[in-house]
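A structural walkthrough
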Amino acid sequence: MFPIHSRTIPENESILEPVSPRCEGFYFRGFRWTKTMIHTIKEINERKDILPNITLGYQIFDTCYAVSKSMESTLSFLTGQDEHKPNFRCSSGAPLAGVVGAGASALSVATSRLLGLYYFPQVGYASSCSVLSDKYQFPSYVRVMASDQSQSKAIVLLIQHFGWIWIGAIAADDDYGKYGVKIFKEEIEKVNLCVAFSETIPKIYSKEKMQNAIWAIKNSTATVIVLYSSDIDLSPFLLEIEYHDIRGRTWIASEAWITSSLIAKPEYFPYLGGTIGFAVPRADIQGLKEFLYDIHPNKDPNDNITIEFWQTAFNCTWPNSSVPYNSDHRVNMTGQENQTYFMSDKFCTGEEKLEDLENTYLDVSQLRITNNVKNAVYALAYALDEMSRCEEGRGPYLPGYSCAYLEDFEPWQLMYYMKILKFKTHNNETLQLDENGDISGYYDLLNWQLNDDGKIDFVKFGKFSFSASKFELVVDNASIYWNTETSKLPKSVCTDLCRPGTRKGIRQGEPICCFDCIPCADGHVSRKPGSRECDKCGEDYWSNDDNSDCVLKEVEFLAYNEALGITLVTLSIFSALVVLAVTIVYVVYRKTPLAKANDRELSFLLQLSIIIILLTSLLFIGKPYDWSCKSRQVTLALGFSLCLSCILGKSITLYSSHRASKSKVRFISVWPICQKIIVLVSVLIQTGLCTAYLIIMPPKLYKNMESQTIKIILECNEGSIELLCSVFGFDVFLALLCFLTAFVARKLPDNYNEAKCVTFGMLVFFIVWISFVPAYLSTKGKFKVAVEIFAILASSFGLLGCIFAPKCYIILIRPKRNTDEIVSGKVPTTDGGIQLTSASVSSEMNVTVSTVVLDD
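Residues numbered from 1 in each chain as written. Predicted model: local features only at pLDDT ≥ 70, side-chain atom pairs only at ≥ 80, totals over all residues. Heavy atoms only, no water.

Let's shift gears to the packing of helix α2 (residues 67–79) against helix α3 (residues 105–117). Running from N to C, α2 and α3 cross one another at 30°; their axes reach a closest spacing of 9 Å. The pairing of α2 with α3 is recorded here as roughly parallel in orientation. Considering the relative orientation of α2 and α3, their crossing is right-handed. Touching Val67, Ser70, Met71, Thr74, Leu75 and Leu78 of α2 are Ala106, Leu107, Ala110, Thr111, Leu114 and Leu115, all from α3. (Axes fitted to C-alpha atoms, helices over the stretch in contact; angles between N-to-C directions. Helix = DSSP H or I, 4+ residues; strand = E, 2+ residues; numbered from the N terminus. Parallel < 35°, antiparallel > 145°, perpendicular 65-115°, else oblique. Left-handed = near helix turned anticlockwise from the far one by under 90°. Contact = heavy atoms within 4.5 Å.)

Below, the structure is given as structure tokens:
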């Protein structure tokens, strides 16, 4: 069964009696397949190694590329008569072996359902529809053509290879197109690609369906379109493409039309140029070209097919013939039906030369389906040959391991040999059918290119090999012509690939290939284009400005080399030097009454403690470590403890002097050792508290990532807040004692008012640290440390200024006031602008500090 014609002529609907439809549209390609089968059978009959002494015959039916004609042919074949009555075999003669055909997939599906009822062998040569692999529905169908299952996988792999995402699909409105697109969609969904649209080409012209397909192509952003159709069905659709001037598309062709000369015409190249697709393997058939040329109406005047071929090929009318040609009853694009019969005024002479023709029939450069026809005939011949060689008792049939004989066999008996078929083809390739009646093999990848003669060449640019378990695609990108403005690889996407730093956002109700590009949240990145999710950066990392990569977070701490750090270091060192200068003054003038007043050793200890406090601020600057975190608060606490205990020793002495001045007791002695014991006890208590703090829950380095997301603030985790409060709480307790005792003693005579200076110093101390608390809590990062350092420096300067500045002023500027008489209060001061801040009424006549109290 071959499509010698491409369509049937619609019958008059007023005729009630069913009649066999007539055919039109001579199909040169189908006629070449027919002649190839005749040539192959002739070749087999001449061979002695296959079916010796057996002659194969044939009967040819024209399917007219229509299901109705195919079914009619099948019934005629089964009954042996022109009457199409199933279940009756009216003819006699040689047994029927099998059917080669019926060409297109839709025709094979229809005929195989009927032939399958009889388990009648049918070998397909051009039907690739995947449903034909179902042996439950089509038990007697085998083919020498690969299934569309393999072709669909190949198309998807090719699409992946070129990076296309958004693909259109158009299919003929038959089994071949529908099942082909169905398998294609299933395969493309497996790899997360998308079908932009899916339209059908009607078998019978429908303006609405045609316009739907054209509209989908023109309005879609998909520039790559897969087209499952035969060349015959594609022809009217191609006219629509040309009419609407649709260009700039890349077409992926199925094997049914990729090499069809009916479609591959130079006038269609602006629309279909650069088409890529898969073709069955090409082969050369020895002797076929000569056989095709060996045709003439004079050889058989009753051969209407040959006469029609001649008339169509040479556009002439054969004398004394009523065979029409070039008739066309199809509906055109205007919706009108053409009703024309062409009978040329020119008569054929018989002298016309086939060598002058350029048509599909004589074109043997692309023998692909033609080669399948040859293999299909050989498949039946080899199966018959195997059956003829069966030895009784060793046969495949039970009971008795019997054989079947060529003179009289049932169709199902031949099917046994068809299922186990394996043979070498004429081009030395192995052809073997699997359990589904399919073959393994390969496709050629072809690209449409225009040659120098203005004709279309099918340029091979790759190969797709397939078997039951292996698929391999090989592509030569450099040899492909792309029909685009830039002649570069086309781009086919619904939405451009999201750049790094963004992620795909689903559009509700749309395919996954259509999406919005949503910027990654801060701290999340997408490094690759087209990322579905943004990855969270590690703990020590943060996203860069465009969220395309994680970078190390900026580490913040109060560094020595920054302006604020340099300023604080300078202030700390300068302050320490100032205190050191005061100490030097005290050392130089250590024998003067004012330097000796109120325990000179306590003054030196107090100066030392202030230096310690000032230099402790340096531990707060720079990158913190565990050791620095542990040492700085402890050192500060001990420094303040030493400082405040020294002041407490002094203020208690002043308090005692005040009490003495209010009593009738003339002399009250305060031993210097008592003051030093106060200092020692205070420092020991603070040391114990600090030791417990360091042992139980010590401070440690902490990476603060909560305060600022883009920075790591290196700071000290102070450990146990309760223990830290107890440590500094003790210093607060000492400060309160100092303030209270000094405040009570502030009303000593003017010559003895160091208590006022201590009171003011402690007031400054409290003001600074009370102000420090809200400022400390409201700042973050390095500025938090800077606030604490400012508090340390301010409180230290306050104590230094209030306690020692007046004394240094007297020692250096007013040395005349630095005498035993004035310091001891025996001589009243006459300079009202000078306040003697030593407040000491002691004279170091001996080791004991004696407080002299004047009578009221």
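Strand order in the open sheet formed by 3 strands is β24-β27-β26, with mixed pairing between adjacent strands. Two strands lie at the open edges of the sheet, namely β24 (554–556) and β26 (700–704), each paired on one side alone. Along the sheet, successive strands turn relative to each other by an average axial angle of 30°, direction set aside. Relative to strand β27 (residues 711–717), β26 runs antiparallel, the two being bridged by 5 bridges. Among the inter-strand pairings, Tyr702 is bridged to a residue of β27, identified as Glu715. (Pairing = 2+ DSSP bridges.)

Here the focus is the packing of aromatic side chains. Aromatic ring pairs are reported here in terms of the distance separating the ring centres and the angle at which the planes meet. Counted by the stated rule, this structure contains 41 aromatic pairs. Seen in terms of ring centroids, Phe278 and Tyr443 are 6.0 Å apart; in terms of plane orientation they differ by 70°. Their pairing is edge-to-face. Linking Phe278 in strand β10 (residues 276–279) with Tyr443 in strand β15 (residues 441–450), this pair joins segments that are 165 residues apart in sequence. On the accessibility criterion, Tyr443 (1% relative accessible area) is buried. (Phe/Tyr/Trp six-rings, centres within 6.5 Å; stacked < 30°, edge-to-face > 60°. Buried < 20%, exposed > 50% of the residue type's maximum accessible area, 1.4 Å probe, protein only.)

Compared with an ideal rise of 1.5 Å per residue, which puts 17 residues at 24 Å, helix α15 (residues 600–616) spans 24 Å between its outermost C-alpha atoms and is within 8% of the ideal. Within α15, the full set of buried residues consists of Arg600, Leu602, Ser603, Leu606, Gln607, Ser609, Ile610, Ile611, Ile613, Leu614 and Thr616. (Expected span 1.5 Å × (residues − 1).)

Where charged atoms of side chains with opposite charge meet at close range, the side chains can pair. Throughout the structure, instances matching the rule amount to 28 salt bridges. For the salt bridge of Arg29 with Asp231, the shortest nitrogen-to-oxygen distance reads 3.2 Å. Separated by 202 residues along the polypeptide, Arg29 in helix α1 (residues 28–46) and Asp231 in helix α7 (residues 231–243) bring together distant segments of the chain. Across the pair, Asp231 and Arg29 agree in class, each one buried. Notably, a salt bridge pairs Arg394 with Glu391, separated by 3.5 Å at the nearest N-O pair. The exposed category is assigned to Arg394, whose relative accessible area is 69%. You can call Glu391 partly exposed: its relative accessible area is 48%. The network of salt bridges with common partners includes Lys153, Glu187 and Lys190. (Salt bridge = Lys/Arg side-chain N within 4 Å of Asp/Glu carboxyl O.)

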